[in-house]
Amino acid sequence: MNAETGMRKPMNVIVTDTPDQAFRRAADMIADEIRSVPAPVLGLATGRTMESIYRLLVQQYESGGLDFSGATSFNLDEYAGLPPTDLNSYSHYMREHLFAHVNMSSTKARVPDGVAVDLDAECARYEVAIHASGGIGLQLLGIGETGHIGFNEPPSAFDSRTRVVHLDEVTRRQNSGMFGNEPARVPERALTMGVGTILEARHLLLVAVGEGKAEIINKALNGPVSEAVSASAIRLHANVTVILDKASAHIWAQNRG
Ligand code: F6R
């Protein structure tokens with residue numbers, strides 16, 4: 001928002017023909033941040049959308065084009081009750097898809113601790129650690145069927161901070177693939193950065209692909225900016241890039257003003 005005019009800066013929305021092109025644009029943007037910032041602080045996400053992006057970053061590292069040694073990262077979320085050794089934990093996901101394959105220091109790759117004795121204290125510690133790092137430069141985001149970013153299920157206050165949340169039934173179904181397609185096995189609670197925490201990053205990069213995301217992308221980008229759709233909060237941020245493929249963009253493209 002421009003304080004003087006009250007006008008929002010238009011979002012930079014990139015629409016690609018294929019999902020692969022969307023993943024490449026996103027990976028290149030993250031790689032640029034890593035190359036151009038001396039000690040980059042990245043906000044990272046998990047989920048199916050991110051897998052291809054991390055694969056491309058690993059390829060860039062392996063070909064000698066990317067050095068993660070100066071980078072710090074903070075993941076958006078973790079399931080409550082799952083230790084890092086659990087194959088379904090986001091900590092394990094990050095090792096499998098990124099951390100184990102690049103030269104990033106394990107002490108600088110942070111994921112909330114889902115089995116901390118005091119989960120609220122862990123959330124508070126996470127906020128302090130983000131702040132102490134100098135704040136997140138580039139925050140990678142996916143979007144869930146409920147419109148969540150991180151695990152900020154609706155309604156989530158736009159000034160919410162890292163906290164323990166209850167997962168929506170829709171999200172537990174969406175994420176049940178890793179849990180033998182049994183939504184009941186998906187943990188009921190998670191730790192997530194808040195919407196307010198996310199909005200403090202200097203640049204937000206939201207990536208979505210596929211027809212399954214078309215409705216919620218339209219709601220988030222064309223509908224009211226409302227706590228009923230957490231992702232709509234990104235429109236309050238001055239520096240946002242949204243990367244979509246044609247399939248996820250088409251309803252938004254038809255309806256945009
Ligand atoms: C997970 C996260 C979530 C996912 C979203 C989309 O860390 O932040 O908001 O980005 O649920 O997940 P996929 O990519 O699996 O559709």
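Residues numbered from 1 in each chain as written. Predicted model: local features only at pLDDT ≥ 70, side-chain atom pairs only at ≥ 80, totals over all residues. Heavy atoms only, no water.

## A few points about the overall build of the protein chain
Then step 1. Looking only at helices and strands, the protein chain features 8 helices and 10 strands.
Then step 2. Its C-alpha atoms give the protein chain a radius of gyration of 17 Å, within 12% of the compact-globule value 18 Å for 257 residues.
Then step 3. Its C-alpha atoms put the protein chain at 45 × 45 × 40 Å along the principal axes.
Then step 4. Classification of the 257 residues of the protein chain by burial places 54% in the buried group.
Then step 5. Long-range pairs, those at least 24 residues apart, make up 78% of the contacts in the protein chain between residues at least 6 apart in sequence.
Then step 6. Approximately 11400 Å² of the protein chain is accessible, and the part contributed by carbon and sulfur atoms is 51%.
Then step 7. Averaged over its 23 positive side-chain charges, the protein chain has a centre that lies 3 Å from the centre of its 30 negative ones. (Helix = DSSP H or I, 4+ residues; strand = E, 2+ residues; numbered from the N terminus. Rg over C-alpha atoms; globule rule 2.2 N^0.38 Å. Buried < 20%, exposed > 50% of the residue type's maximum accessible area, 1.4 Å probe, protein only. Contact = heavy atoms within 4.5 Å. Areas by Shrake-Rupley, 256 points an atom, 1.4 Å probe, with all protein chains shown as cover. Lys, Arg positive; Asp, Glu negative; His and termini not counted. Charge placed at Lys NZ, Arg CZ, Asp CG, Glu CD.)

## Overview of the sheet that holds strand β4 (residues 77-79)
Then step 1. Reading across the sheet, the 3 strands line up as β4-β8-β7 and stay open at both edges, with antiparallel pairing between neighbours. The open sheet has two edge strands, β4 and β7 (163-166), and neither has a second partner. Taken over all neighbouring pairs, the strand axes of this sheet differ in orientation by 30° on average, direction set aside. (Pairing = 2+ DSSP bridges. Axes fitted to C-alpha atoms, helices over the stretch in contact; angles between N-to-C directions.)

## Describing the site of the ligand
Then step 1. For the ligand, the set of nearby residues contains 14 residues, the closest of which are Thr46, Thr49, Asp77, His148 and Lys213.
Then step 2. Within the side chain of threonine 49, a nitrogen or oxygen atom sits 2.5 Å from an oxygen atom of the ligand.
Then step 3. The side chain of histidine 148 places a nitrogen or oxygen atom 2.7 Å from an oxygen atom of the ligand.
Then step 4. Computed on the free molecule, the ligand has an accessible area of 410 Å², of which 97% lies beneath the protein chains in the complex.
Then step 5. Here the shell around the ligand is built from residues that sort into 3 nonpolar, 8 polar and 3 charged. (Near = heavy atom within 4 Å. Polar contact = N/O pair within 3.5 Å; in protein donor to acceptor, adjacent residues only side chain to side chain. Nonpolar A, V, L, I, M, F, W, Y, C, P; charged D, E, K, R; others polar.)

## A word on the pairing of strand β10 (residues 240-245)
Then step 1. In terms of residue burial, β10 counts as a mostly covered element, since 6 of its 6 residues are buried.
Then step 2. What you see with β10 is no split at all: Val240, Val242 and Leu244 on one side and Thr241, Ile243 and Asp245 on the other are buried throughout.
Then step 3. Alignment of strand β1 (residues 12-16) against β10, held across 5 bridges, turns out to be parallel. Looking at β10, one finds that valine 15 is bridged to leucine 244.

## Regarding the packing of helix α7 (residues 214-222) against helix α8 (residues 246-255)
When two helices pack together, their arrangement is given by the angle between the helix axes and by the axis-to-axis distance.
Then step 1. Interaxial distance between α7 and α8 falls to 7 Å at its minimum, and their mutual angle equals 40°. The orientation of α7 relative to α8 falls into the category oblique. In this structure, α7 crosses over α8, and the sense of that crossing is right-handed. On α8, the residues touching Ala214, Glu215, Ile217, Asn218, Leu221 and Asn222 of α7 are Ala247, Ser248, His250, Ile251, Trp252 and Asn255. (Parallel < 35°, antiparallel > 145°, perpendicular 65-115°, else oblique. Left-handed = near helix turned anticlockwise from the far one by under 90°.)

## Overview of the nonpolar core
Then step 1. Ile30, Ile53, Tyr54, Leu57, Leu98 and Ile234 are the most contacted members of the largest nonpolar core, which has 74 residues in total.
Then step 2. With 7 residues, helix α1 (residues 19-36) is the single largest residue contributor to this core.
Then step 3. Apart from the residues lying within four places of it in its own chain, the contact partners of leucine 98 are Leu44, Tyr54, Leu57, Val58 and Phe68.
Then step 4. If you look at the next biggest cluster of nonpolar residues, it comprises 5 residues, including Ala116, Leu119, Cys123 and Leu191. (Core = buried A, V, L, I, M, F, W, Y, C linked by side-chain atoms within 4.5 Å.)

## So, the confidence of the model for the protein chain
Then step 1. In the predicted model, the protein chain carries a mean pLDDT of 96, and the fraction of residues at 70 or more is 96%.
Then step 2. Across residues 1-6, where pLDDT falls below 50, the model places 6 contacts with residues more than four positions away in sequence or in other chains. (pLDDT = per-residue confidence, 0-100.)

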